[in-house]
Amino acid sequence: MRLDRRQFIKQSAISSALATAGALFPGISFGDWSRLAQNNSVISWQKSPCRFCGTGCGVLVGVSDGRAVAVKGDPNCSVNKGLCCMKGYHSVQALYGKDRLTKALIRRDGAMVEVPIQEALDLVAQKLQETRDAYGKDSVAMYGSGQWTIPDGYVASKLFKGCLGTNNVEANARLCMSSAVTGFMTSFGLDEPMGCYEDIDHANVFITWGNNMAEMHPVLFSRMLAQRKRRTNVKIIDFATRYSRTSQAADKSIIFRPQTDLAVANAICYEIIKNDWVNWNFVNEHVSFHKGKTNIGYGTEDHFAFTDKAESIDFEDFKTFLEDYTPEKVEKISGVPARDIKYMAALYGDPSVKVTSFWCMGMNQHTRGTWINNLVYNIHLLVGKISMPGNSPFSLTGQPSACGTVREVGTLTHKLPHGVVMNEHDREMAAQIWEVPVENIDPKPSYHTVEMFRALDRGDIKFIWIQVTNPMVTMPNLKRYRDGALKEDRFVVVSDVYPTPTTDIADVILPAAMWVEQEGMYGNSERRTQHFTQIVDPPGEAMSDTWQIIEVARRLGFEKQFSWDQSDYIEKIWEEYRRFHAGPKHEMAPYSVLAERSGVQWPFVDGKETRWRYNPRYDPACSNGKDFDFYGKKDNRAWIWARPYEPAAEFPDSEYNFWLNTGRVIEHWHTGSMTRRVPVLHNAVPSSYVEIHPEDAAELGVVNGEKVKIISRRGEITMPAQINGRGVPVRGMVFVPFFDESYLINEVTLDAFCPISKQPDYKKCAVRLEKA
Amino acid sequence: MPIFSYLAMPREGAREALCTDLSSLEYCQIIPAENKDVVVLITDTPDEDRERSLQEKLKKLASLQSLSLAFGYDEQN
């Protein structure tokens with residue numbers, strides 16, 4: 001039966017009301033309605049994770065006449081319990097933009113011409129082979145995404161690392177999550193959070209570290225607000241560099257100068273020790289102290305290399321190190337009043353209060369991103385508030401499968417699905433599962449993302465295949481990398497669903513299946529793997545990214561390694577991949593379980609999910625007989641690091657006197673290539689803007705909507721001003737959302753990165769403003 | 001041709017009366033919650049005049065304590 005437009009709108013009205021009721025009245029039931037909705041044969045509903053952010057909300061996609069027509073929150077998914085945000089509710093409309101890519105295109109005599117997709121895949125394989133033969137194995141590269149499905153990333157890694165012998169595999173999660181990874185690895189020896197979203201139901205205090213959750217993780221933020229409404233002892237503290245919607249909803253907003261979160265975190269530790277709020281039983285039993293190198297650079301030059309070196313210290317050394325970070329001294333650095341630093345320390349230090357810290361890009365896109373991750377863990381470890389319900393340092397992810405595909409599958413240059421390329425045992429395991437000679441897997445990492453695009457510019461890489469991401473909008477210091485990609489003898493393949501500035505530079509464009517047009521899995525922020533089946537057909541010749549890679553692999557002679565049948569290849573890939581994680585520390589659920597449930601958390605052992613790691617009451621991998629077991633490190637302890645405050649790579653001076661901060665808005669997903677094609681979302685925020693403090697705007701002589709030129713040492717851009725909008729930066733700072741390809745703010749940003757994680761800092765560079 | 005959905009709260013003890021009242025109004029569809037005193041109301045009127053008229057009738061319902069708008073759509077917008 002067809003569903004007409006009016007019926008569709010009415011269904012949306014009903015879904016919105018039911019979701020609102022679910023948010024306001026937990027446990028509310030509309031039993032008659034759900035029976036009616038399931039059986040009225042107008043719409044059939046199938047589960048999926050949401051396409052957009054890393055929260056991993058479960059949605060039910062309504063299909064009528066072969067078309068996805070509606071979305072409602074999945075009440076069986078513990079992540080969102082039936083609630084969605086505005087992007088989620090409108091997500092299926094992103095499938096049906098008018099300019100959807102449905103045919104393959106190749107560049108002939110400077111113009112893009114349509115060809116059958118099989119012909120385009122022939123060309124991709126031929127160019128890859130020719131480039132490799134002429135320039136060596138490391139002249140070809142794959143650049144993927146935290147929006148890749150797990151099978152997408154797995155086959156990419158298998159082809160490039162296992163078969164082609166190059167570690168030139170990276171993903172855009174390098175730009176959003178790698179500081180979280182190195183933070184986890186250096187503090188705990190294993191990646192990904194110890195806690196889960198259920199921490200929200202137990203915590204009394206939430207501290208958001210540079211994390212505008214109200215817009216970026218709205219469903220989780222709603223859960224926090226609901227807890228505050230339901231319980232009398234819940235507080236939200238927003239610790240940020242800009243006044244946002246999260247600040248508005250928080251009980252207290254504390255603003256710090258960019259980069260000085262390092263100093264404030266150390267000052268909180270100073271206060272905890274000074275007031276003897278240290279949980280000595282926990283610290284003596286489960287923590288060891290360390291320091292690393294300092295003055296570690298910013299990576300702005302080509303071929304930048306850095307390796308940290310850990311040295312053991314003791315508690316007294318750590319205490320002495322913190323003497324530079326009294327609240328009064330740090331007030332001068334950070335602008336945060338000493339009383340506010342003491343207030344936050346007292347919250348962390350109060351043994352009767354459960355504290356969950358949330359962070360995402362503010363801490364990760366940071367030239368000392370690894371360090372600030374370490375420092376927040378330091379706070380939780382000193383007071384023993386970790387790995388227990390409600391006591392949780394919680395690193396959120398930005399993309400739906402940054403964890404599942406990039407961190408767990410290991411689609412970064414140094415990683416393998418289990419372990420790292422540098423480790424002989426890990427290489428042997430990969431070679432055995434992949435059925436390739438172990439010599440194929442190069443023990444040396446090659447290029448991280450920024451260096452990969454520098455290599456493309458230099459000509460060290462000649463062929464690059466980009467899937468499910470839009471680097472010609474997102475790379476910092478963008479002009480260099482676009483010019484590099486356009487050089488004469490570079491060959492760029494782009495798989496995507498819509499035309500973007502990245503398809504503009506392509507020599508081959510492959511039309512990709514999107515989200516529920518294919519089967520796949522994502523992995524969210526809380527170690528939850530979420531399966532979705534193919535619900536609707538992809539348009540035209542669009543093909544899943546996984547199958548595109550398989551097609552090319554077979555053309556290159558790797559039929560044995562990529563022998564799967566199209567009817568069940570996702571199941572077969574999953575079961576092969578799962579072998580890498582066998583064992584209680586990371587066991588993944590079998591395909592049959594994933595297919596049934598709205599997500600399953602790993603480690604999945606003996607049919608049980610693990611909600612809190614390192615705690616033997618919940619984690620079957622704990623084996624030391626104690627109340628916690630931090631089994632990721634060889635000393636079976638979590639590591640506290642002495643990490644100093646060091647300034648940003650670039651900061652305002654007399655010539656470039658403003659900070660530039662960039663980020664997102666709730667309506668748009670990343671570069672807007674999908675959400676800008678959803679009319680409701682596009683109309684809500686049709687174009688980007690620069691947020692300016694009202695007093696700075698007055699000094700500049702600019703009123704709302706007037707054009708402002710933003711100039712940095714790398715480029716300039718002119719865009720409309722927004723004054724007293726949804727976000728208000730402090731004086732001396734401007735903020736620009738990056739979703740709008742008409743205003744490429746990354747022409748202005750700086751490609752400095754954390755030397756340990758290699759993640760760029762999109763939150764801090766120096767600019768000056770002119771009225772345009 | 002506006003379509004709206006609301007959460008309708010009954011006055012104390014008037015849940016059944018509210019369901020009856022709302023069901024009797026033209027252009028209204030209801031979905032009562034099973035376990036809470038909340039009723040989802042969906043209105044689907046053919047034009048603005050009849051929408052205004054319906055709004056007036058809703059305001060006069062003795063069984064209705066409050067209406068909270070959850071979704072709104074109007075063809076003209």
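All values derive from a computational prediction rather than experimental measurement.

**Overview of the overall build of chain B**
Within chain B one finds two helices and four strands. In chain B, the succession of helices and strands from N to C terminus is β-α-β-β-α-β. In terms of C-alpha radius of gyration, chain B reaches 12 Å, essentially the compact-globule figure of 11 Å for 77 residues. In terms of its C-alpha atoms, chain B occupies a principal-axis envelope of roughly 40 × 20 × 15 Å.

**Topic: the overall build of chain A**
Of the regular secondary structure elements, chain A holds 26 helices and 29 strands. For chain A, whose C-alpha radius of gyration is 25 Å, the value lies close to the compact-globule estimate of 28 Å for 772 residues. The long-range share in chain A, meaning contacts at least 24 apart out of those at least 6 apart in sequence, stands at 73%.

**A closer look at the sheet that holds strand 25 (residues 707-711) of chain A**
Residues and elements named next belong to chain A. Read around the closed barrel, six strands run 23-28-24-26-25-29, paired in mixed fashion. Within this sheet the neighbouring strands show an average axis-to-axis angle of 45°, counted without direction. Inspection of the sheet shows strand 24 (residues 690-692) paired to strand 28 (residues 733-737) by two bridges, in the antiparallel sense. Among the inter-strand pairings, Ile-692 is bridged to a residue of strand 28, identified as Val-734.

**Observations concerning the interface of chain A and chain B**
The interface is formed by 16 residues belonging to chain A together with 17 residues belonging to chain B. Elements with a minimum of two residues in the side of chain A that touches chain B: helix 1 (5-24) and helix 2 (31-39) of chain A. In terms of residue count, the dominant contributor to the side of chain A that touches chain B is helix 1 of chain A (10 residues). Considering only residue class, the side of chain A that touches chain B consists of 10 nonpolar, five polar and one charged.

**Comments concerning the sheet that holds strand 3 (residues 39-44) of chain B**
Pairing within the open sheet is antiparallel, and its four strands lie in the order 2-3-1-4 (chain B). A strand with exactly one partner marks an edge of an open sheet, and here the two such strands are strand 2 (28-32) and strand 4 (64-73) of chain B. Averaged over neighbouring strand pairs, the angle between their axes works out to 25° when direction is ignored. Summarising the sheet, strand 1 (residues 3-10) of chain B and strand 4 of chain B pair through eight bridges and their orientation is antiparallel. Following the sheet pairing, B:Phe4 is matched in strand 4 of chain B by B:Gly72. Helix-sheet contacts for helix 1 of chain A involve strand 1, strand 2, strand 3 and strand 4 of chain B, and the interaxial angle to strand 1 of chain B is about 30°.

**Observations concerning unusual backbone geometry**
Glycine aside, negative phi is the norm for most residues, and most peptide bonds take the trans geometry. Residues and elements named next belong to chain A. Here Trp-602 and Pro-603 are connected by a cis peptide whose omega angle stands at -10°. Summarising the element assignment, Pro-603 is placed in the loop between strand 21 (600-601) and strand 22 (638-642). Of note, the phi angle at Gln-259 is positive, near 80°, even though the residue is not glycine. Structurally, the position occupied by Gln-259 is in the loop between strand 11 (252-255) and helix 10 (261-274). A residue is classified by how many C-beta atoms lie within 10 Å of it, and Gln-259, with 24 of them, is buried. The backbone of Lys-758 sits at a positive phi, close to 65°, despite the residue not being glycine. Judged by C-beta crowding, with 26 C-beta atoms within 10 Å, Lys-758 ranks as buried.

**Remarks on the environment of A:Val492**
Residues and elements named next belong to chain A. As for its placement among the helices and strands, Val-492 is situated in strand 17 (residues 491-496). A residue is classified by how many C-beta atoms lie within 10 Å of it, and Val-492, with 24 of them, is buried. In this structure the C-alpha to C-alpha distance between Val-492 and Ile-466, which are 26 residues apart in sequence, comes to 7.5 Å. Residues within four places of Val-492 in sequence aside, it is in contact with Ile-464, Ile-466, Ala-485, Ile-505, Ala-506 and Asp-507.

**A short note on the pairing of strand 5 (residues 111-115) of chain A**
Residue and element names in this part refer to chain A. Pairing analysis gives five bridges linking strand 4 (residues 104-108) to strand 5, with the strands arranged antiparallel. The residue of strand 5 that forms the bridge with Arg-108 is Ala-111. Hairpin geometry of strand 4 and strand 5 is characterised by an intervening segment of two residues between the two adjacent antiparallel strands and by a positive phi of about 50° at Asp-109.

**Concerning the confidence of the model for chain B**
For chain B, per-residue confidence averages 89 on the pLDDT scale, and 96% of positions sit at 70 or higher. Model confidence for the complex: the whole-complex pTM is 0.88, and ipTM, which rates the interface, is 0.96.

**Re the nonpolar core**
In summary, soluble globular proteins display a tendency toward joint burial of nonpolar side chains. Among the nonpolar cores identified, the biggest contains 262 residues, and A:Ala17, A:Cys84, A:Ile268, A:Val734 and B:Val40 are the most heavily contacted of them. Broken down by element, this core gets its largest block of residues, nine residues, from helix 10 of chain A. Those residues within four positions of A:Cys84 in sequence are excluded, and the remaining contacts are A:Ala19, A:Cys50, A:Cys57, A:Val59, A:Val71, A:Gly73, A:Tyr89 and A:Val219.

**Side note on the environment of A:Val702**
Residues and elements named next belong to chain A. In this structure, Val-702 sits in the loop between helix 26 (694-700) and strand 25. The exposure class of Val-702 is buried, given the 21 C-beta atoms found within 10 Å. Setting aside residues up to four positions removed in sequence, Val-702 forms contacts with Ile-692, Ala-697, Val-708, Ala-721 and Lys-771.

**Description of the packing of helix 6 (residues 178-188) of chain A against helix 16 (residues 369-382) of chain A**
Residue and element names in this part refer to chain A. The contact between helix 6 and helix 16 brings their axes to 8 Å, and the two run at 50°. One element, helix 6, and the other, helix 16, form an angle in the oblique class. Like other packed secondary-structure pairs, helix 6 and helix 16 cross with a definite hand, here right-handed. Note on element contacts: helix 16 touches helix 6 through Gly-369, Thr-370, Asn-373, Asn-374 and Tyr-377, opposite Ser-179, Ala-180, Thr-182, Gly-183, Thr-186 and Ser-187.

**Structural notes on helix 14 (residues 338-349) of chain A**
In this model helix 14 of chain A runs 16 Å from its N-terminal to its C-terminal C-alpha over 12 residues, within 8% of the 16 Å that 1.5 Å per residue would give. When helix 14 of chain A is considered as a whole, its buried residues turn out to be A:Asp340, A:Ile341, A:Met344, A:Ala345, A:Tyr348 and A:Gly349.

**Describing helix 19 (residues 449-458) of chain A**
All names here are of chain A. Judged by how many residues are buried, helix 19 sits mostly within the fold: eight of 10 residues are covered. Within the span of helix 19, buried status applies to Thr-449, Val-450, Glu-451, Met-452, Phe-453, Arg-454, Ala-455 and Leu-456. Buried residues in helix 19 make contact with strand 6 (140-144), strand 7 (169-171), strand 16 (463-467), helix 20 (471-474) and helix 21 (478-485). Downstream of helix 19 by a residue or two, Gly-459 has a phi angle that is positive, lying close to 100°.

Analysis parameters
Residues numbered from 1 in each chain as written. Chains lettered and ligands numbered in written order. Predicted model: local features only at pLDDT ≥ 70, side-chain atom pairs only at ≥ 80, totals over all residues. Helix = DSSP H or I, 4+ residues; strand = E, 2+ residues; numbered from the N terminus. Rg over C-alpha atoms; globule rule 2.2 N^0.38 Å. Contact = placed C-beta atoms within 7 Å. Pairing = 2+ DSSP bridges. Axes fitted to C-alpha atoms, helices over the stretch in contact; angles between N-to-C directions. Nonpolar A, V, L, I, M, F, W, Y, C, P; charged D, E, K, R; others polar. Buried ≥ 20, exposed ≤ 12 C-beta atoms within 10 Å, placed from the backbone. pLDDT = per-residue confidence, 0-100. Core = buried A, V, L, I, M, F, W, Y, C linked by C-beta atoms within 7 Å. Parallel < 35°, antiparallel > 145°, perpendicular 65-115°, else oblique. Left-handed = near helix turned anticlockwise from the far one by under 90°. Expected span 1.5 Å × (residues − 1).

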